[in-house]
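Structural characterization, general
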Amino acid sequence: MPPEATLTETSLADRLRRLIASGGPIPVSVYMAEANAAYYGYRDPLGRDFITAPEISQMFGELVGLWIADLWSRAGAPSIRYVELGPGRGTLAADALRAMRAASLAPEVHFVETSRTLRAAQAQRVPTATWHDRFADIPGDEPLIVVANEFFDALPIRQFVRGRSAWHERLVRIEGDSFVPAAGPAVPAGAIPASLGDAIEGSILEIAPTSAAVAGDVADAIAVRGGAALVFDYGHVRTGFGDTLQAMAANRYADPWAAPGEQDLTAHVDFQALGEAAGASGVRLFGPTTQGAWLGELGIDVRTEALSRAAPDRAPEIASARDRLVSPRQMGSLFKAMAFVAEGWPHPAGF
Ligand code: SAH
C-alpha cells in the first residue's frame, strides 16, 4: 500500500471523528462524500479494489463508440462533443474514440473528474481531453454525447430508517473509535415521497440527491444543445427499500463503516429516480435494459468472434471476458443501461 494511502486513512478517520465529536452525528451522505473524495483523490483503485466493464474488455468501450457513431450518423453527422463522467483510467474513452474514428467521427473530448490521480491516468490514454470538476462547467453549445459507467454509484446517498410512526435520517455516530449508523431525529412528513410512506418498521430508503442533480444538469444540457447520454451502472429498475451501501477493498466486500477513505463506497443506482430527474427536462428516456441485453443488441458476439479470429491464442480469454460482461450470473443482469435522448434525435440502438 502506498504510504500516502495510510496517511489519508488516518487523517480522514480522525477528521470525521473530530467533526462528529464537535458537531454531533453526520448524515450518511456526508460520510460517503468525504470517504470517496479521499479515496479517489489519492489512488487508482481500478484492478486493485474493483474492476469495471471497460477494464475487463476493450469490447465494452468499442460498442459504446459504435453506439455513438451510429446515433451521430443518423442524426445527420453534426459537430458533437464527447463527455465522460468519472472516466477512471480513460480506457472506455480510448476504446470508444478508436471505434468512432473508424466511422469518421472525431469529437472534442471533455472529462468530468475530481481525482487528480485518475486525471493523470486519463491523460496518458486521451491526451487531447479537457478536464472539468463539474458537468455544469462544460462550455459551448454543440450537441453532447455523455457517457457514464459506474459513476452514479459512487455519488453520496442519504438513508432514511422507518421508525414506528415516522421516518428518521440515518446518521453516523462514534462508539469508542468506531463509526456506527443510527437513526437520527424524525424527518418532517413530506420529506419522503407519499407513495413510499407506509413501509414496515426498520425499512431503509435511499435517496441520491447528487445523482438526481447531475442527471438533471445533463438532461437540461441535452434538451437545449441536442445529443444523448448513455449510463451504465448496477442498480434497480424501481425505487424500493433496502440498505445497498457497500464497500469494496482488494476486490472483496468490506464493512462500509470501517476505514473511511481506504475503500470504495457505493450504493445501487435507483434508475427510476434517475429517470425521473432527467425526464423532468423533457428528454426522452430509453431503458433501463440489462447490460447483457444491450451488449447483445450492439453485437458483442460478432465482435467476440472477430477478435478471436484475429488472435486465436487469446480466444479463451476473450470468450471469458464476454461472459463476465454479459452473463446474468456475472455483470449481465445486475448492471443496467439507460439513455436520455434529445427530442428530434433518432431512437438509440440497443433499447
Ligand atoms: N468509469 C470508470 C471508473 C469508475 S470509478 C470505469 O468504468 O472504469 C468512478 C469514477 O468516478 C472515478 O473516475 C472517480 O474518480 C470518479 N468520481 C467519483 N466521484 C466523483 C465526483 N463527485 N465528481 C467527478 N468524478 C467523480
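Up top is the structure.
Here the structure is a predicted model, which means the values were calculated and not measured.

Cut-offs applied
- Residues numbered from 1 in each chain as written.
- Predicted model: local features only at pLDDT ≥ 70, side-chain atom pairs only at ≥ 80, totals over all residues.
- Heavy atoms only, no water.
- Helix = DSSP H or I, 4+ residues; strand = E, 2+ residues; numbered from the N terminus.
- Buried < 20%, exposed > 50% of the residue type's maximum accessible area, 1.4 Å probe, protein only.
- Salt bridge = Lys/Arg side-chain N within 4 Å of Asp/Glu carboxyl O.
- Expected span 1.5 Å × (residues − 1).
- Polar contact = N/O pair within 3.5 Å; in protein donor to acceptor, adjacent residues only side chain to side chain.
- Phe/Tyr/Trp six-rings, centres within 6.5 Å; stacked < 30°, edge-to-face > 60°.
- 1 Å grid on protein atoms, 1.4 Å probe; cavity = no way out; pocket = protein on both sides within 12 Å on 5 of 7 lines; lining within 4 Å.
- Points joined across faces, edges and corners; volume = space filled by probe spheres on them.
- Nonpolar A, V, L, I, M, F, W, Y, C, P; charged D, E, K, R; others polar.
- Near = heavy atom within 4 Å.
- Areas by Shrake-Rupley, 256 points an atom, 1.4 Å probe, with all protein chains shown as cover.
- Core = buried A, V, L, I, M, F, W, Y, C linked by side-chain atoms within 4.5 Å.
- Contact = heavy atoms within 4.5 Å.
- Axes fitted to C-alpha atoms, helices over the stretch in contact; angles between N-to-C directions.
- Parallel < 35°, antiparallel > 145°, perpendicular 65-115°, else oblique.
- Left-handed = near helix turned anticlockwise from the far one by under 90°.
- Arc of directions from axis to C-beta.

**Focus: unusual backbone geometry**
Cis peptide bonds are those with omega within 30 degrees of zero, and the linkage from Gly287 to Pro288 qualifies with 5°. In the Ramachandran plot, Ser104 falls in the positive-phi region, its phi being about 65° despite a non-glycine side chain. Residue position: Ser104 is located in the loop between α5 (91-102) and β3 (108-112). With a relative accessible area of 63%, Ser104 lands in the exposed category.

**Some words on the pattern of salt bridges**
Per the counting criterion, the structure on display carries 24 salt bridges. In this structure, the salt-bridge partner of Asp323 is Arg322, at a minimum N-O distance of 2.7 Å. On the basis of relative accessible area, Asp323 is assigned to the partly exposed category, the value being 33%.

**Observations concerning helix α4 (residues 58-74)**
Taking 1.5 Å of rise per residue, 17 residues should cover 24 Å, and α4 covers 25 Å from first to last C-alpha, within 8% of that figure. With 12 of its 17 residues buried, α4 lies for the most part within the structure. N-capping of α4 is provided by Ser57, with a side-chain oxygen placed 2.9 Å from the backbone N of Met59. Following α4 by one or two positions, Gly76 adopts a phi angle in the positive range, close to 95°.

**Structural notes on the packing of aromatic side chains**
A complete count under the given rule lists 10 aromatic pairs for this structure. Ring geometry for Trp167 and Phe241: centres 5.9 Å apart, planes at 25°, overall stacked. Of this pair, Trp167 sits in strand β7 (residues 167-175) while Phe241 sits in the loop between β10 (227-236) and β11 (246-249), and the two are 74 residues apart along the sequence. For Phe241, a relative accessible area of 41% translates into the label partly exposed.

**A short note on the layout of surface pockets**
Taken as a whole, the second largest pocket holds about 480 Å³ of empty space. Lining the second largest pocket are 28 residues, and of these Glu206, Ile207, Thr239, Asp270 and Ala273 sit closest to its centre. Broken down by secondary-structure element, the contributors of at least two residues to the lining of the second largest pocket are β9 (204-207), α7 (209-225), β14 (269-270) and α8 (271-279). When grouped by side-chain class, the residues that make up the lining of the second largest pocket number 15 nonpolar, 9 polar and 4 charged.

**Here's the deal with the site of the ligand**
As a structural note, the neighbourhood of the ligand is formed by 16 residues, with Thr52, Gly86, Gly88, Glu113 and Asn149 the closest of them. Backbone polar atom of Gly88 to an oxygen atom of the ligand: 3.1 Å apart, as the coordinates give it. Glu113 is positioned with one of its side-chain polar atoms (N or O) 2.5 Å from an oxygen atom of the ligand. When the ligand sits alone it has 570 Å² of accessible area, and the protein chains cover 90% of it. Along the lines of polarity and charge, the residues of the shell around the ligand split into 8 nonpolar, 6 polar and 2 charged.

**Some remarks on the nonpolar core**
The biggest cluster of nonpolar side chains holds 73 residues, and the ones touching the most others in it are Val64, Trp67, Ile68, Leu85, Phe135, Phe152 and Trp294. Tallying contributions element by element places α4 first for this core, with 9 residues. Excluding anything up to four places from it in sequence, Phe152 contacts Leu85, Ser211, Val214, Ala215, Val231, Asp233, Val269 and Leu274. Core analysis: the second largest hydrophobic core is formed by 18 residues, Ala13, Val28, Leu245 and Ala247 among them.

**Comments concerning the packing of α4 against helix α10 (residues 300-310)**
At their nearest, the axes of α4 and α10 sit 11 Å apart, and the two run at 125° to each other. Overall, the two elements α4 and α10 adopt an arrangement that is oblique. Taken as a pair, α4 and α10 cross one another with a handedness that is right-handed. Residues Gln58, Met59, Glu62 and Leu63 of α4 touch α10, and the partners they reach there are Ile300, Arg303, Thr304 and Leu307. Across the contact of α4 with α10, the residue classes tally to 4 nonpolar, 2 polar and 2 charged.

**What to know about helix α11 (residues 315-326)**
Along its 12 residues, α11 runs 16 Å from first to last C-alpha, staying within 8% of the 16 Å computed at 1.5 Å per residue. What α11 keeps buried is the set Ile318, Ala321, Leu325 and Val326. Along the axis of α11, the buried positions cluster into a sector of 120°, meaning they face one direction only. Tucked into the core, α11 has its buried residues touching α3 (53-56), α4, α9 (291-297) and α10.

**Notes on the packing of α7 against α8**
Following both chains from N to C, one finds α7 and α8 inclined at 40°, their axes separated by 7 Å at the closest point. Accordingly, the angle class assigned to the pair α7 and α8 is oblique. Between α7 and α8 lies a crossing of right-handed hand. Between α7, through Ser211, Ala212, Ala215, Gly216 and Ala219, and α8, the contact on the second element is made entirely by Leu274, Ala277 and Ala278. Its residues placed into classes, the contact of α7 with α8 shows 6 nonpolar, 2 polar and no charged.

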